[in-house]
Amino acid sequence: MNKKKYIGIDIGGTAVKIGSVDEDGTIHATETYAVNFDGYETPILQTVVKSCHNFLEKYRENASEYAGIGVSATGAISTKKGVVEGTAGHIKNWINSPIRQVMEQEFHIPTEVLNDANAAALGEAWIGAAKGKKDVVVVTIGTGVGGGILMNGKILLGASGFAGELGHIPVQYEGEMCTCGNRGCLEHYGSTSALVRKVRWAIQEGAIAGAADTPVDGRWIFAQAATGNVVVQKILQEWIEVIASALVGFVHMFNPEQILIGGGVSAQEDLFIAPVRSYVMKHVMPNFAKDLEICAAALKNEAGMVGAVYYCIQQERACDC
Ligand SMILES: [Zn+2]
C-alpha cells in the first residue's frame, strides 16, 4: 500500500517553505518561495496559495493525492479557527488571514494550522530529538524566544492555540519594554538579540578593546568567549542565567522529561547548552532533576513544516476514534 502523504507548509515573515511529507515523516521535496517581495502588498496568504499551486505543478501532482495540509505559521495563530489573530512583527495584510478556510476551499483537503513554535515542538517529537518522549518543553532562542510544550505527546494549545509563548513570561518585574507591549519579558533579556545588544553596549562603553568596528553577532560572541575574552564571558554568563532560571520555572510548572533548546546558539554545546544544563539541574527541586534531560533540538529549518503535518495526522487519529 502506498504511504499517505501530506503537504507541509511553513509560513515565515520572509518566505514560505512547502514540502511533501510522508505519513512516517520522510520529506520528499521542498521548495521555498518569497512572501515579502513587495512589502506584503500582496497578502501572504495569496502568495501561499499561488506557491502551493506552483509546487504541485512543478512535481506534476494533484492536491487530491494528498491526505491533508499542515500549516505552521508565524504570529498568534488560532488553531481552533485556523486564523491569524495577531502578529508581533506588524506584517501588513496578515492579521485575520483565514488560512484554513482558504486552503480547504482552494485544495479540497483537510487543513490544520498552528503557530510555528508549537509546530516545531511537534516536529521534534515526531522525527527529532524528542522522538519517543511525551512530556517535553521546547525553547527556541533566536531574534526572539519561542516555545512549545508537549504534554503526554500532545502540543499544549490552550483555549485558542496561543499557549507556549515562553518568551513572554516576565522575568523582571517592571523591567524594560518588550516588543509585545509588556515589560521585562524573557525574550527581551534572553534572546540572541539581547545578548548581541549587551555586547554592543560594552563595546560602545569601551569595555572591550579593539572591537569598535566589529560587526557583532552570536558567532563572534561565542568565538570571543572561547578565546578568553573575560568581558564577553561575563555578559554571556549573565545571559545564560536569565535563560536557565526561566527554564527552572518551566521544569517546576510542567515536570518535563526533556527540555530541548533550539535556535542557532544551540549548536554551542560547551559554552551554552552545558552551562544551562548544569544551572537548571542545580536549581530545580531534586525530584524534578532525576529523569530530566536537557539538550539541543535536532531539526533545523524543516521542524515547523514537518510538525504541522504531524499535527494533521494526530487530528485524523483523534477523529477516527
Ligand atoms: Zn514580551
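Keep in mind that what you see is a predicted model, and the values were worked out from it rather than measured. (Residues numbered from 1 in each chain as written. Predicted model: local features only at pLDDT ≥ 70, side-chain atom pairs only at ≥ 80, totals over all residues. Heavy atoms only, no water.)

1. Looking at the overall build of the chain
So, step 1. On a plain count of helices and strands, the chain comes out with 10 helices and 12 strands.
So, step 2. Relative to a compact globule of 321 residues, whose C-alpha radius of gyration would be 20 Å, the chain shows 20 Å and is just as compact.
So, step 3. Taking the principal axes of its C-alpha atoms as reference, the chain extends roughly 60 × 50 × 35 Å.
So, step 4. Counting every position in the chain, which comprises 321 residues, the buried fraction comes to 51%.
So, step 5. Across the chain, contacts joining residues at least 24 apart in sequence account for 62% of those joining residues at least 6 apart.
So, step 6. Split by element, the accessible area of the chain, about 15,100 Å² in all, is 51% carbon and sulfur. (Helix = DSSP H or I, 4+ residues; strand = E, 2+ residues; numbered from the N terminus. Rg over C-alpha atoms; globule rule 2.2 N^0.38 Å. Buried < 20%, exposed > 50% of the residue type's maximum accessible area, 1.4 Å probe, protein only. Contact = heavy atoms within 4.5 Å. Areas by Shrake-Rupley, 256 points an atom, 1.4 Å probe, with all protein chains shown as cover.)

2. Overview of the environment of Val199
So, step 1. Turning to its location among the elements, Val199 is positioned in helix 5 (residues 192–204).
So, step 2. Expressed as a C-alpha distance, the spacing of Val199 and Val216, which sit 17 residues apart in the sequence, is 7.7 Å.

3. Thoughts on helix 1 (residues 44–58)
So, step 1. Between its terminal C-alpha atoms helix 1 stretches 20 Å, which fits the 21 Å expected from 15 residues at 1.5 Å a residue.
So, step 2. Those residues of helix 1 that sit buried are Ile44, Leu45, Thr47, Val48, Val49, Ser51, Cys52, Phe55 and Leu56.
So, step 3. Residues of helix 1 that are buried make contact with strand 1 (5–11), strand 2 (15–22), strand 3 (27–34) and helix 2 (99–107). (Expected span 1.5 Å × (residues − 1).)

4. Looking at the coordination of the zinc ion
So, step 1. Around the zinc ion, the donor atoms from the protein are His168 (ND1), Cys178 (SG), Cys180 (SG) and Cys185 (SG), and they sit 2.0 to 2.3 Å away.
So, step 2. One way to put it: the 4 donor atoms around the zinc ion meet at angles of 106 to 118 degrees, and that makes the site tetrahedral.
So, step 3. Spacing between the donor residues of the zinc ion along the chain follows H-x9-C-x1-C-x4-C. One end of the pair, His168, is in the loop between strand 10 (154–155) and helix 4 (186–190); the other, Cys180, is in the loop between strand 10 and helix 4, and 12 residues separate them in sequence.
So, step 4. The partly exposed category is assigned to His168, whose relative accessible area is 24%.
So, step 5. For Cys180, a relative accessible area of 43% translates into the label partly exposed. (Donors = N, O, S within 2.8 Å, 3.2 Å for Na, K, Ca; no water. Tetrahedral: all angles 85-135°; square planar, octahedral: opposite > 155°, others 65-115°.)

5. Re the pairing of strand 3
So, step 1. As paired elements, strand 2 and strand 3 share 7 bridges and run antiparallel to each other. Note that in strand 3 the partner of Val16 across the bridge is Tyr33.
So, step 2. Turn length for the strand 2-strand 3 hairpin, with the two strands adjacent in sequence and antiparallel, is 4 residues, and the turn residue Gly25 shows positive phi of about 95 degrees. (Pairing = 2+ DSSP bridges.)

6. Side note on the nonpolar core
So, step 1. Counting 44 residues, the largest nonpolar core has Ile141, Trp239, Leu247, Ile261, Phe272 and Val280 as the members making the most contacts within it.
So, step 2. Looking at this core, the elements that each hand over two or more residues are strand 8 (136–141), strand 9 (145–151), helix 5, helix 6 (218–226), helix 7 (230–254), strand 11 (258–262), helix 8 (269–283) and helix 9 (286–289).
So, step 3. For this core, the leading source of residues is helix 7, giving 12 residues.
So, step 4. With 30 residues, the next largest nonpolar core counts Tyr33, Cys52, Ala63 and Met103 among its residues. (Core = buried A, V, L, I, M, F, W, Y, C linked by side-chain atoms within 4.5 Å.)

7. Some remarks on unusual backbone geometry
So, step 1. Phi angles above zero are rare outside glycine, and His108 is one such case at about 60 degrees.
So, step 2. Note that His108 resides in the loop between helix 2 and strand 7 (111–115).
So, step 3. The exposure class assigned to His108 is exposed, which follows from its relative accessible area of 66%.
So, step 4. Here the phi dihedral of Asn255 falls at roughly 50 degrees; this positive angle occurs in a residue that is not glycine.
So, step 5. Within the secondary structure, Asn255 sits in the loop between helix 7 and strand 11.
So, step 6. By relative accessible area, which is 47% here, Asn255 ends up partly exposed.

8. Examining the domain arrangement of the chain
So, step 1. Domain assignment breaks the chain into domain 1 (5–122 + 301–320) and domain 2 (129–296).
So, step 2. The C-alpha-based centres of domain 1 and domain 2 are spaced at 27 Å.
So, step 3. Taken together, the contacts link 14 residues of domain 1 with 15 residues of domain 2.
So, step 4. Both faces combined, the contact of domain 1 with domain 2 buries some 1,100 Å², and carbon together with sulfur accounts for 55% of it.
So, step 5. When the buried surface of domain 1 facing domain 2 is broken down by residue, Asn118, Ala121 and Gln314 rank first, second and third, together holding 38% of it.
So, step 6. Joining domain 1 to domain 2, the criterion identifies 0 salt bridges.
So, step 7. The tally of links from domain 1 across to domain 2 stands at 5 residue pairs in polar contact (both at pLDDT 80 or more). (Domains from an automatic or database assignment. Buried area = accessible area lost by both parts, 1.4 Å probe. Salt bridge = Lys/Arg side-chain N within 4 Å of Asp/Glu carboxyl O. Polar contact = N/O pair within 3.5 Å; in protein donor to acceptor, adjacent residues only side chain to side chain.)

9. Some details on the environment of Gly164
So, step 1. By the element assignment, Gly164 lies in the loop between strand 10 and helix 4.
So, step 2. For the pair formed by Gly164 and Leu299, sequence separation is 135 residues and the distance between their alpha carbons is 19 Å.
So, step 3. If we ignore the near neighbours within four places in the chain, the residues touching Gly164 are Gly147, Gly148 and Ile149.

10. Overview of the sheet that holds strand 2
So, step 1. Read from one edge to the other, the open sheet built from 5 strands follows the order 3-2-1-4-7, with strand pairing classed as mixed. Edge positions in the open sheet fall to strand 3 and strand 7, since each of these has one partner strand only. Here the strands of the sheet are splayed against their neighbours by 15 degrees on average, with no regard to which way each runs.
So, step 2. Looking at chain direction, strand 1 and strand 2 are connected through 7 bridges and run antiparallel. Within strand 2, the residue paired with Ile7 across the bridge is Ser20.
So, step 3. Strand contacts of helix 2: strand 1, strand 4 (68–73) and strand 7, with the helix running at about 150 degrees to strand 7, the strand carrying the most contacts. (Axes fitted to C-alpha atoms, helices over the stretch in contact; angles between N-to-C directions.)

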